[in-house]
Amino acid sequence: MSTILEKIAAIESEMARTQKNKATAGHLGLLKARLAKLRRELITPKGGGGASEQGFEVAKTGDSRVGFVGFPSVGKSTLLSNLAGVYSEVAAYEFTTLTTVPGCIKYKGAKIQLLDLPGIIEGAKDGKGRGRQVIAVARTCNLIFMVLDVLKPLHHKKLLEHELEGFGIRLNKQPPNIHFRKKDKGGINLNATVAQSELDLDTVKTILSEYKIHNADITLRYDATSDDLIDVIEGNRIYIPCIYLLNKIDQISIEELDVIYKIPHCVPISAHHRWNFDDLLELMWEYLRLIRIYTKPKGQLPDYSSPVVLHTERTSVEDFCNKLHRSIAKEFKYALVWGSSVKHQPQKVGIDHILNDEDVVQIVKKI
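These lines cover the structure that appears in this document, whether it is placed above or below.

The rules we used
- Residues numbered from 1 in each chain as written.
- Predicted model: local features only at pLDDT ≥ 70, side-chain atom pairs only at ≥ 80, totals over all residues.
- Heavy atoms only, no water.
- 1 Å grid on protein atoms, 1.4 Å probe; cavity = no way out; pocket = protein on both sides within 12 Å on 5 of 7 lines; lining within 4 Å.
- Points joined across faces, edges and corners; volume = space filled by probe spheres on them.
- Helix = DSSP H or I, 4+ residues; strand = E, 2+ residues; numbered from the N terminus.
- Nonpolar A, V, L, I, M, F, W, Y, C, P; charged D, E, K, R; others polar.
- Domains from an automatic or database assignment.
- Pairing = 2+ DSSP bridges.
- Axes fitted to C-alpha atoms, helices over the stretch in contact; angles between N-to-C directions.
- Contact = heavy atoms within 4.5 Å.
- Core = buried A, V, L, I, M, F, W, Y, C linked by side-chain atoms within 4.5 Å.
- Buried < 20%, exposed > 50% of the residue type's maximum accessible area, 1.4 Å probe, protein only.
- Left-handed = near helix turned anticlockwise from the far one by under 90°.
- Polar contact = N/O pair within 3.5 Å; in protein donor to acceptor, adjacent residues only side chain to side chain.

1. A look at the layout of surface pockets
Next up, step 1: Reported here for the largest pocket is a volume of approximately 690 Å³.
Next up, step 2: Considering the residues around the largest pocket, the lining is formed by 27 residues, among which N142, L288, R289, H311 and E313 are closest to the centre.
Next up, step 3: Among the elements of the structure, strand 1 (64-69), strand 9 (238-240), helix 9 (277-288), strand 13 (303-311) and helix 10 (317-324) are those that each provide at least two residues to the lining of the largest pocket.
Next up, step 4: Looking at the lining of the largest pocket residue by residue, the class counts come to eleven nonpolar, seven polar and nine charged.
Next up, step 5: Looking at which domains feed residues into the lining of the largest pocket, each of domain 2 (64-172 + 238-287) and domain 3 (290-365) gives three or more.

Encoded structure:
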């Protein structure tokens with residue numbers, strides 16, 4: 001372990017010493033690629049798939065999963081117990097929570113699983129503390145709540161983002177718009193649809209040679225950086241939305257609160273006094289990008305109490321059928337839909353029809 005850590009430290013110090021200009025771009029790209037490879041070795045331990053450490057992997061339940069990430073003693077457990085009514089041990093000393101504590105809340109008819117993860121310390125990405133397991137669970141979440149202490153938020157925010165970035169988690173970012181395809185022969189073919197400020201053919205070749213790739217097609221559709229290219233080559237990056245929760249706002253003035261409200265992706269709350277939870281849940285719903293579809297049995301009123309919850313990217317009638325039961329799609333004849341996704345109420349639609357939020361669906365099977 002120490003050898004990999006020493007290599008990482010050596011590369012990081014060399015990157016800090018190297019000036020950034022056109023002449024050193026290729027060298028810096030090479031160092032970044034080496035760093036990414038070493039980080040990957042650090043994250044994925046050598047050896048077979050042994051049993052995971054006790055108490056960390058939690059079965060996925062509900063429609064979505066939200067993880068609480070933060071330093072020790074910022075109020076993650078208090079927030080979970082006040083939101084979900086689950087008892088997660090709370091005390092005034094650091095590292096109270098030692099394993100993942102799951103809770104579940106129902107919001108707008110969707111069941112959302114909340115995970116209280118143990119506190120992350122600086123250097124977690126290098127295997128310190130239980131950071132590696134914590135971040136491995138964080139990778140499986142649909143949304144991350146980064147809980148910060150309002151009295152020292154910016155320093156903590158930067159450190160936590162750095163730890164998560166080291167694990168291949170990208171917060172509030174879109175995947176790079178870079179097309180990358182390996183081939184058997186023909187060398188490296190680089191196409192750029194816009195002018196590039198950092199990447200040129202030599203830099204790209206240097207980075208790819210570190211991965212032993214000598215034949216590939218690459219299309220850059222925006223002004224990309226070498227980090228973006230490495231993310232695409234590695235292919236194990238996860239893009240997760242994140243909401244920053246500034247906790248303990250009962251300790252600051254109204255003027256400071258007004259300033260905090262202007263920060264993007266931020267929600268000021270007080271977990272202890274239960275302040276501003278409604279704002280938080282509303283933003284959580286927006287970031288999870290879920291839609292509700294109501295079922296309607298033939299000859300009865302729609303069931304508005306328990307909707308079928310789908311993700312915005314998969315909202316066809318087929319996805320809806322699969323969520324109910326796998327056999328329904330095979331016996332599907334047509335569906336009747338009421339709602340904003342159709343012109344007529346009701347309208348007969350096929351299996352590829354895209355549904356909108358709060359549509360009512362009645363499925364007719366083949367006889």
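Right, picking up where we left off after that structure.
2. Some thoughts on the sheet that holds strand 8 (residues 216-220)
Hydrogen bonds along the backbone pair up the strands of a sheet, which may run parallel or antiparallel.
Next up, step 1: Read across the open sheet, the three strands follow the order 6-8-7; overall the sheet is mixed. If you trace the sheet from one side to the other, it starts and ends with strand 6 (178-182) and strand 7 (188-192), each paired once. With strand direction ignored, the average angle separating the axes of adjacent strands in the sheet is 5 degrees.
Next up, step 2: Summarising the sheet, strand 6 and strand 8 pair through five bridges and their orientation is antiparallel. Its bridge partner being in strand 8, H179 is matched across the sheet by T219.
Next up, step 3: Across the face of the sheet, helix 6 (residues 201-210) comes into contact with strand 6, strand 7 and strand 8 while running at roughly 130 degrees to strand 7.
Next up, step 4: Most of the contacts of helix 7 (residues 226-234) go to strand 6, to which it runs at about 45 degrees, and overall it touches strand 6 and strand 8.

3. Things to note about the nonpolar core
Note that soluble globular proteins tend to have their nonpolar side chains buried in a common cluster.
Next up, step 1: In this structure, L79, L114, F145, L245 and M284 are the most contacted members of the largest nonpolar core, which totals 31 residues.
Next up, step 2: Elements supplying a minimum of two residues to this core: strand 1, helix 3 (76-84), strand 2 (101-107), strand 3 (110-116), strand 4 (143-149), strand 10 (242-247) and helix 9.
Next up, step 3: The element that contributes the greatest number of residues to this core is helix 9, accounting for eight residues.
Next up, step 4: In this structure, L245 is in contact with L79, F145, M146, V147, L148, V267, I269 and L280, ignoring residues within four places of it in sequence.
Next up, step 5: Judged by nonpolar contacts, the second largest core, of 29 residues, contains V137, V150, L160 and I252.

4. Comments concerning the sheet that holds strand 3
Next up, step 1: With mixed pairing, the six strands of this open sheet are ordered in space as 2-3-1-4-10-11. Single-partner strands in this sheet number two, and they are strand 2 and strand 11 (266-268). Recorded for the sheet is a direction-independent mean angle of 25 degrees between the axes of neighbouring strands.
Next up, step 2: Sheet topology note: the strand 1/strand 3 ladder contains five bridges and is parallel. Within strand 3, the residue paired with F68 across the bridge is D116.

5. Regarding the packing of helix 6 against helix 7
Next up, step 1: At their nearest, the axes of helix 6 and helix 7 sit 11 Å apart, and the two run at 35 degrees to each other. The crossing of helix 6 and helix 7 is right-handed. In contact with V204, I207 and L208 of helix 6, helix 7 contributes S226, L229, I230 and I233.
Next up, step 2: Its residues placed into classes, the contact of helix 6 with helix 7 shows six nonpolar, one polar and no charged.

6. Section: the environment of D63
Next up, step 1: Here D63 is to be found in the loop between helix 2 (25-43) and strand 1.
Next up, step 2: A residue is classified by how much of its surface remains accessible, and D63, at 28% relative accessible area, is partly exposed.
Next up, step 3: With sequence-adjacent residues up to four places away left out, D63 is seen in contact with A110, K111, V309 and K323.
Next up, step 4: A distance of 3.3 Å separates polar atoms of two side chains, one belonging to D63 and the other to K323.

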